[in-house]
Amino acid sequence: MQKTLHLFRYAFQSLLERPFKFFSLVFIYAWVVAFYGSIIFFTSALQKQTQDVLSELPEIWVQKLQGGRLVAIEKQWQDSIAQIRGVKKVQARYWGYAFDEATGAVFTLMGKDSLPSQTACVGDGILALKGLENQDFISLTTAEGNKMTWKIETPFSPQTAILTQDLVAVPIAEAQVFLGLTPQQATDLAISIYNPAEIDNISRKIRTQFPAFRITQREELEATYQALFSWRGGILLYGSLLGIFAFLILAWERAAGLNAAERREIGILKAVGWHISDVLRLKFYEGALVAILATSIGILLAFAHVFALKAPLLKPLLAGWSVLYPSFHLYPVVSLGDILAIFALSLFPYLTATLIPAWKAAITEAAEVMR
């Protein structure tokens, strides 16, 4: 233990004797770690926030297909589905899309009960895009060319911004008119059940009784979002491999390119009795110190980039893109697995890139080095 502590101290002093090489390597290393650390943090935070928001959705919803396309469903099916054992509640939902010519954006329009006539609840993204405020008026054009106007009231909660950024909620009757639905029609039916363990069983019963319906479970939507964010994060991470390889080549050259002073130091150490294993351990400790320091700094930079600055460099690539962009706030979500993943991606490649040059330096004969 005492020998190990002396080697660590000597390795640290040796690094400080070459400050430009040491700090320039740590600087580049830290930014590389910050880049893929930001990808991991941002993907994990998106998955967690999406999971929390989707947990409020009903367990099952039913849509009607005709010719492979979604069409309006008759509300009369509510009573038939509600009679299935285990179903707690069946609620009709009214939603669709509206194109806004003034901004070129596509809004999501939804019917919501408990809203007064000719009033709307509008997402923050729409308010910012159109320069509107609470108590202002918003107008949208139907597919038939008719314009409908609502007074903006009761904004959405900031916690739901990831889903409500482009949402306009209006009274149900007015949503039916805008979407071209009759009073007896809805977009789909949302089903709540008593026992979550019966989701698959109830889905099979609905599919058997109503083969023309498409059954979607909340777990399927959650899995889709999880896979989507993981796929995008993986594509971006793999796409940056060339940059990571370039950094490893730089690390190799830095470790292998021993100057005259460093070669003389190795020769003196071997002349005074250092073994090959001692020199190899010394170089390994030097690499470990650089890797741990740079990785720690990179993690702090990644945390600040994602959760303080809202990931301006990654959000368009991982969260999606559109005219109306979701400017949601990510809450800090960092797990031990994320930290271990970053260290695994950071430490092992760098230490591998430094071990072979360190071994070559360790087996050099002292007399040859001194010459």
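**Student:** Describe in detail a nonpolar patch on the surface, supporting the description with residues and values.
**Tutor:** A surface patch of nonpolar side chains, amounting to about 530 Å² of accessible area, comprises Phe27, Ile28, Trp31, Leu293, Ile297 and Leu301. Those elements giving two or more residues to the nonpolar patch turn out to be helix H2 (19-54) and helix H11 (276-308). Looking at the secondary structure, you find isoleucine 28 in helix H2. Take isoleucine 28: its relative accessible area is 31%, and that puts it in the partly exposed class.

**Student:** Can you break down the pairing of strand E8 (residues 137-141) residue by residue, with the values?
**Tutor:** Of the two faces of E8, the one holding Ile138 and Leu140 is buried and the one holding Phe137, Ser139 and Thr141 is not buried anywhere. Pairing of E8 with strand E9 (residues 147-152) involves five bridges; the strand directions are antiparallel. Paired with threonine 141 across the strands is lysine 147, a residue of E9. Between E8 and E9, which pair antiparallel and follow one another directly, the connecting turn spans five residues, one of which, glycine 145, has a positive phi of 90 degrees.

**Student:** Outline the pattern of salt bridges, listing residues and values.
**Tutor:** All told, the structure shown has four salt bridges when counted by the stated rule. In this structure, lysine 130 and aspartate 100 form a salt bridge, with 3.2 Å as the shortest nitrogen-oxygen distance. One end of the pair, lysine 130, is in helix H4 (residues 124-130); the other, aspartate 100, is in strand E5 (residues 95-100), and 30 residues separate them in sequence. The class of aspartate 100 is buried, set by a relative accessible area of 6%.

**Student:** So what's going on with the pairing of E9? Which residues, and what values?
**Tutor:** Two elements, strand E7 (residues 119-122) and E9, share two bridges in a ladder whose sense is parallel. By the bridge assignment for E9, alanine 120 is matched with isoleucine 152.

**Student:** Outline the environment of glutamate 286, supporting the account with residue identities and numerical values.
**Tutor:** Examined against the element boundaries, glutamate 286 turns out to sit in helix H11. Spatially, the C-alpha atom of glutamate 286 lies 7.0 Å from that of leucine 15, the residues being 271 residues apart in sequence. Filtering out sequence-adjacent residues up to four positions away, glutamate 286 remains in contact with Ala11, Ser14, Leu15 and Arg18.

**Student:** Talk me through the packing of aromatic side chains; I want residue IDs and the actual numbers.
**Tutor:** Evaluated as defined, the whole model comprises 11 aromatic pairs. Ring geometry for tryptophan 95 and tyrosine 97: centres 6.0 Å apart, planes at 80 degrees, overall edge-to-face. Accessibility expressed as a relative area gives 24% for tryptophan 95, which makes it partly exposed.

**Student:** Go over the nonpolar core, please, and point to the residues and values.
**Tutor:** Core analysis: the largest hydrophobic core is formed by 38 residues, its most contacted members being Val62, Trp150, Ile191 and Ile206. In this view, isoleucine 206 contacts Val62, Ile81, Ile84, Ile191 and Ile215; residues no more than four positions away in its chain are not counted. Grouped together as the second largest cluster of nonpolar side chains are 31 residues, Leu15, Ala288, Ala291 and Tyr350 included.

**Student:** Explain the packing of H2 against H11 residue by residue, including any values.
**Tutor:** In a pair of packed helices, the angle between the axes and the distance between the axes together describe the arrangement. The N-to-C vectors of H2 and H11 enclose an angle of 45 degrees; their axes lie 6 Å apart at closest approach. It follows from the interaxial angle that H2 and H11 lie oblique. The handedness of the crossing between H2 and H11 comes out as right-handed. Looking at the contact of H2 with H11 residue by residue, the class counts come to 22 nonpolar, five polar and no charged.

The rules behind each value
- Residues numbered from 1 in each chain as written.
- Predicted model: local features only at pLDDT ≥ 70, side-chain atom pairs only at ≥ 80, totals over all residues.
- Heavy atoms only, no water.
- Patch = residues over 30% accessible without salt bridge, like charges linked within 9 Å, V, L, I, M, F, W, Y side chains within 5 Å.
- Areas by Shrake-Rupley, 256 points an atom, 1.4 Å probe, with all protein chains shown as cover.
- Salt bridge = Lys/Arg side-chain N within 4 Å of Asp/Glu carboxyl O.
- Helix = DSSP H or I, 4+ residues; strand = E, 2+ residues; numbered from the N terminus.
- Buried < 20%, exposed > 50% of the residue type's maximum accessible area, 1.4 Å probe, protein only.
- Pairing = 2+ DSSP bridges.
- Contact = heavy atoms within 4.5 Å.
- Phe/Tyr/Trp six-rings, centres within 6.5 Å; stacked < 30°, edge-to-face > 60°.
- Core = buried A, V, L, I, M, F, W, Y, C linked by side-chain atoms within 4.5 Å.
- Axes fitted to C-alpha atoms, helices over the stretch in contact; angles between N-to-C directions.
- Parallel < 35°, antiparallel > 145°, perpendicular 65-115°, else oblique.
- Left-handed = near helix turned anticlockwise from the far one by under 90°.
- Nonpolar A, V, L, I, M, F, W, Y, C, P; charged D, E, K, R; others polar.

These figures come from the coordinates and say nothing about function on their own.
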